[in-house]
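Coordinates in review
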Amino acid sequence: MAKQKSPEQKRYEKIEQKHEAKRPVVKNCIKAFFVGGSICLVGQAVSYFYMYYFHFTEQTAGNPTVATMIFFAMLLTGFGVYDKIGQFAGAGSAVPITGFGNSVISAAIEHRTEGFVLGVGGNMFKLAGSVILFGVFSAFVVALIKTLLLIWGVI
Amino acid sequence: MKRKPIVVYGLLVLVIGSLLSGCNQGEKTSEESRSSMIQSVDPEATAVKKGDHDVAEKVKKDVQSVPAIYDVAVIKGKDEILVAYKVKHMQRFHMKKIEGEINKRLEKKYPKENFIVSSDFKIFIEAIELKDRMEDKDYSSKDAEERLKKIIKFKKERT
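Residues numbered from 1 in each chain as written. Chains lettered and ligands numbered in written order. Predicted model: local features only at pLDDT ≥ 70, side-chain atom pairs only at ≥ 80, totals over all residues. Heavy atoms only, no water.

Turning next to the UniProt feature "transmembrane region" (unreviewed entry) in chain A. With numbering aligned to this structure, UniProt lists the feature "transmembrane region" (unreviewed entry) at residues 32-53, 65-82, 89-109 and 129-152 of chain A. The span residues 65-82 of chain A shows a helical share of 83% and a strand share of 0%, and its end C-alpha atoms are spaced 19 Å apart. (UniProt positions renumbered as here; feature names shortened; annotations may be inferred. Helix = DSSP H or I, 4+ residues; strand = E, 2+ residues; numbered from the N terminus.)

Given below as structure tokens:
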């Protein structure tokens, strides 16, 4: 239900468009690409570390690597470094798994004044909760589809 | 605000301590397996039994002729032949196809042998390490066979 805009509003929009700073989309994309890429490079190094010093194969090294990357992001968030990275890189720091750790800890820090149970505990997964919920649910749906296809003998 | 340094130091001690205690319990690693992480090492083919050396060498040559891969490690055990390889970066999209191709090629040429083919980097490292151990004269072939079995069991493991 879009309301009809009055002539003044339309005129204002025109002036606003003239003065609005343009979003540097290409520049942002390049920044996100490189910062996100470096985060993944660290992740690759961590996964090689697990493969080399512990008994993990390429397939099984994924889980501990993800956990370690989240742990790193949590530390960096607590020390206030990750905010700066996020401001610089945008999606480049939010899309990798480290963004998940950041959203958990930043919510916990924000609500610290409300106490440990209702504040930190209750609000920790404010943002990350939806990631977990929809991640688990979509994994369930995909697994269900695969199981059905296997039973029917399609694949 | 005054309490912050204690927390920070505590965390640091925890992290460093757990890292150090975690890293020291591993076994000794070799120079070659370490450098295999960043470059091509081209390890020699070996066999647990001395007489099987030629077969292993031949298998290695055959596998190497697949254009999409580099760095092949072959170890021949009593019953199985372990073949580990690295896939060229842009070819990693076709991992399944390459594995099938190698399997088919080997099965056709050596119908009697039993092959364990893996592109997993961990298996590659383990193969190099086993090869380096076997160069040591004190390392008995029974131990080598046992370790090879362990690697093969490891390969079949998932998650």
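Read on for the rest.
Turning our attention to the packing of helix α3 (residues 53-64) of chain B against helix α4 (residues 95-109) of chain B. All names here are of chain B. Packing of α3 against α4 leaves a shortest axis separation of 10 Å and a crossing angle of 140 degrees. With respect to each other, α3 and α4 are oriented oblique. Crossing geometry of α3 relative to α4 is assigned as right-handed. Contacts from Val59, Asp62 and Val63 in α3 reach Ile102, Arg105, Leu106 and Lys109 in α4. Broken down by class, the residue content of the contact of α3 with α4 amounts to 4 nonpolar, no polar and 3 charged. (Axes fitted to C-alpha atoms, helices over the stretch in contact; angles between N-to-C directions. Parallel < 35°, antiparallel > 145°, perpendicular 65-115°, else oblique. Left-handed = near helix turned anticlockwise from the far one by under 90°. Contact = heavy atoms within 4.5 Å. Nonpolar A, V, L, I, M, F, W, Y, C, P; charged D, E, K, R; others polar.)

Let's shift gears to the interface of chain A and chain B. Tallying the contact residues gives 15 residues for chain A and 21 residues for chain B. For the pair chain A and chain B, the summed buried surface comes to about 1,700 Å²; carbon and sulfur atoms form 66% of the total. Linking chain A with chain B are 1 salt bridge. The shortest N-O distance in the salt bridge between Glu58 of chain A and Arg92 of chain B comes to 3.1 Å. Counting every contact that joins chain A to chain B gives 7 residue pairs in polar contact (both at pLDDT 80 or more). Counting only elements with at least two residues in the side of chain A that touches chain B, the list comes to α2 (25-53) and α3 (62-78) of chain A. By residue number, the principal contributor to the side of chain A that touches chain B is α2 of chain A, which donates 4 residues. Taken together, the residues of the side of chain A that touches chain B break down into 9 nonpolar, 5 polar and 1 charged. (Buried area = accessible area lost by both parts, 1.4 Å probe. Salt bridge = Lys/Arg side-chain N within 4 Å of Asp/Glu carboxyl O. Polar contact = N/O pair within 3.5 Å; in protein donor to acceptor, adjacent residues only side chain to side chain.)

Before going further, it helps to examine the sheet that holds strand β2 (residues 69-76) of chain B. All names here are of chain B. Reading across the sheet, the 4 strands line up as β1-β2-β3-β4 and stay open at both edges, with mixed pairing between neighbours. Looking along the sheet, the strands with just one partner apiece sit at the ends: β1 (46-47) and β4 (114-118). Inspection of the sheet shows strand β3 (residues 80-87) paired to β4 by 5 bridges, in the parallel sense. Paired with Ala84 across the strands is Ser118, a residue of β4. Against the sheet, α3 touches β1, β2, β3 and β4, its axis set at about 160 degrees to β2. (Pairing = 2+ DSSP bridges.)

The next subject is the packing of α2 of chain A against α3 of chain A. Residue and element names in this part refer to chain A. Relative to each other, α2 and α3 sit at 130 degrees, their axes nearing to 9 Å. Comparing the axis directions of α2 and α3 gives the class oblique. Crossing hand, α2 versus α3: right-handed. Touching Ile39, Val42, Gly43, Val46, Ser47 and Tyr50 of α2 are Pro64, Thr65, Thr68, Met69 and Phe72, all from α3. When its residues are assigned to classes, the contact of α2 with α3 shows 7 nonpolar, 4 polar and no charged.

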